[in-house]
Amino acid sequence: MSRNAILLVGILFSMLSMRGNWVQASIHEYKNASFVPRFNSFFLHGGSEGLFAPRDPESPKTQPADDIIKNLKGKAFIRFESITFRRPKAIAEKQNAMHPSTGVIEAIIVEVKDSDRIGGAHMNSDEICCSTVLAKTKLCKVGEVIIREDPGNPGWPRRLQTSFEGNAEDATMALHTVEISKTGMYYLYFAFCDPELKGTVVSGKTVWRNPEGYLPGKMAPLMTFYGFMSLAYLVLGLFWFLRFVQNWRDIIPLHCQITAVIALGM
């Protein structure tokens, strides 16, 4: 019976250790998602999550394509993976095949408290995209979303641009990982200002990670609570299995069913 007990304990710990491999990242997927008009721009909400600052804060960075091999353990980040923009074929065919940029899509990451830094509110305007009139103030560039940078956090709100080349229908966003150095609620938007890009759709995914793992920020504080609950479940489960083995001659089918349910719960 002692061998059976040891075997059951070994199985339980193996199942518990495997659970770590089942955890999925906080992923936002886009499947031909469409933009919606908003004043003089077109916007798409790409997701929102609560993200925590790393224990050893550094200045936020945007990593290039080779960041996939970079060690980001203990850091919070938003990673853009396989993001592709597709514009209508009729619009693409009208473009100059030799022109390096025939349309720009922007990805904008902003902390919720800085939402008023997007758009021309500080210039007494309801416009979100910079117009020729607003460009005369030299505070924005024509054809781009107006972003008023936070002087206390240079480079934020963060802007990443992707351009259509020539008369191509598709534009693929370079793989980027944007590190987060401040705790807050973050929003991601995709936007464009060129009305000729109307009908453009987005496909791909973004991966959001907190310093301690892939749990969303709203759930991260519950890790300790659920950790204790899991430990209590494990202890009670072990007690049941030991009693089950010790009294194996007296068990009935109902005991086997209860044991199976406890094992599946592990």
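Residues numbered from 1 in each chain as written. Predicted model: local features only at pLDDT ≥ 70, side-chain atom pairs only at ≥ 80, totals over all residues. Heavy atoms only, no water.

*Asks:* I would appreciate a short explanation of the state of the cysteines in the present structure.
*Replies:* By definition, a disulfide is the covalent link that joins the sulfur atoms of two cysteine residues. All chains considered together, the criterion is met by two disulfides. The disulfide that involves Cys-129 links it to Cys-193, with 2.0 Å between the sulfurs. Handedness of the Cys-129-Cys-193 disulfide follows from its S-S torsion of about -85 degrees: it is left-handed. With a gap of 64 residues between them, Cys-129 in the loop between strand E6 (104-111) and helix H3 (132-135) and Cys-193 in the loop between strand E10 (184-192) and strand E11 (201-209) connect regions that are remote in the sequence. Each member of the pair Cys-129 and Cys-193 is classed as buried. There is a disulfide in this structure between Cys-130 and Cys-140, and the S-S distance comes to 2.0 Å. Taking the sign of the S-S torsion, about 60 degrees here, the bridge from Cys-130 to Cys-140 comes out right-handed. (Disulfide = S-S within 2.5 Å. Helix = DSSP H or I, 4+ residues; strand = E, 2+ residues; numbered from the N terminus. Buried < 20%, exposed > 50% of the residue type's maximum accessible area, 1.4 Å probe, protein only.)

*Asks:* In this structure, what is going on with the packing of helix H4 (residues 223-246) against helix H5 (residues 253-265)? I would like to understand it.
*Replies:* Following both chains from N to C, one finds H4 and H5 inclined at 150 degrees, their axes separated by 11 Å at the closest point. In terms of orientation, H4 and H5 fall into the roughly antiparallel class. As H4 runs across H5, the sense of the crossing is left-handed. Contact with H4, carried on its side by Tyr-233, Gly-237, Trp-240, Phe-241 and Phe-244, involves His-255, Cys-256, Ile-258, Thr-259, Val-261, Ile-262, Ala-263 and Gly-265 of H5 and no other residues of that element. Among the residues forming the contact of H4 with H5, the class breakdown is nine nonpolar, four polar and no charged. (Axes fitted to C-alpha atoms, helices over the stretch in contact; angles between N-to-C directions. Parallel < 35°, antiparallel > 145°, perpendicular 65-115°, else oblique. Left-handed = near helix turned anticlockwise from the far one by under 90°. Contact = heavy atoms within 4.5 Å. Nonpolar A, V, L, I, M, F, W, Y, C, P; charged D, E, K, R; others polar.)

*Asks:* When you look at the environment of Phe-77 in this model, what are you seeing that I'm missing?
*Replies:* You can see Phe-77 is positioned in strand E5 (residues 76-86). Classification of Phe-77 by relative accessible area gives buried; the value is 2%. Put simply, Phe-77 and Arg-209 are 132 residues apart on the chain and 5.4 Å apart in space, counted from C-alpha to C-alpha. Excluding residues that lie within four positions of it along the chain, Phe-77 makes contacts with Leu-72, Thr-177, Val-178, Glu-179, Ile-180, Val-207, Trp-208 and Arg-209.

*Asks:* Got a minute to help me understand the sheet that holds E10 in this structure?
*Replies:* Strand pairs in the sheet, formed through backbone hydrogen bonds, run parallel or antiparallel to each other. If you trace the five strands from one edge of the open sheet to the other, you get E2-E3-E10-E6-E7, paired in antiparallel fashion. Each edge of the open sheet carries a strand with a single partner, namely strand E2 (36-38) and strand E7 (158-163). Across this sheet, the average inter-strand angle for adjacent strands is 35 degrees, counted without regard to direction. When E6 meets E7, the two strands line up antiparallel, connected through six bridges. If you follow Glu-106 over to E7, its bridge partner there is Gln-161. (Pairing = 2+ DSSP bridges.)

*Asks:* What am I meant to see in the packing of aromatic side chains here?
*Replies:* How two aromatic rings sit relative to each other is set out by the distance from centre to centre and by the angle between their planes. Here the structure, examined in full by the defined rule, presents nine aromatic pairs. Between Phe-35 and Phe-192, the ring centres sit 4.8 Å apart and the planes meet at 65 degrees, which makes this aromatic pair edge-to-face. Of this pair, Phe-35 sits in the loop between strand E1 (26-34) and E2 while Phe-192 sits in strand E10, and the two are 157 residues apart along the sequence. Taking the centre distance of 5.9 Å and the plane angle of 65 degrees together, the rings of Trp-156 and Tyr-186 count as edge-to-face. Of the two residues, Trp-156 is situated in the loop between H3 and E7 and Tyr-186 in strand E10; the sequence distance between them amounts to 30 residues. Across the pair, exposure class does not vary: Trp-156 and Tyr-186 are buried alike. Each member of the aromatic cluster is reached from another via a ring pair, and the members are Tyr-30, Phe-80, Phe-85 and Phe-190. We note Arg-38 situated over the ring of Phe-43; from NZ or CZ to the ring centre the distance is 5.3 Å. (Phe/Tyr/Trp six-rings, centres within 6.5 Å; stacked < 30°, edge-to-face > 60°. Lys NZ or Arg CZ within 6 Å of the ring centre and 35° of its normal.)

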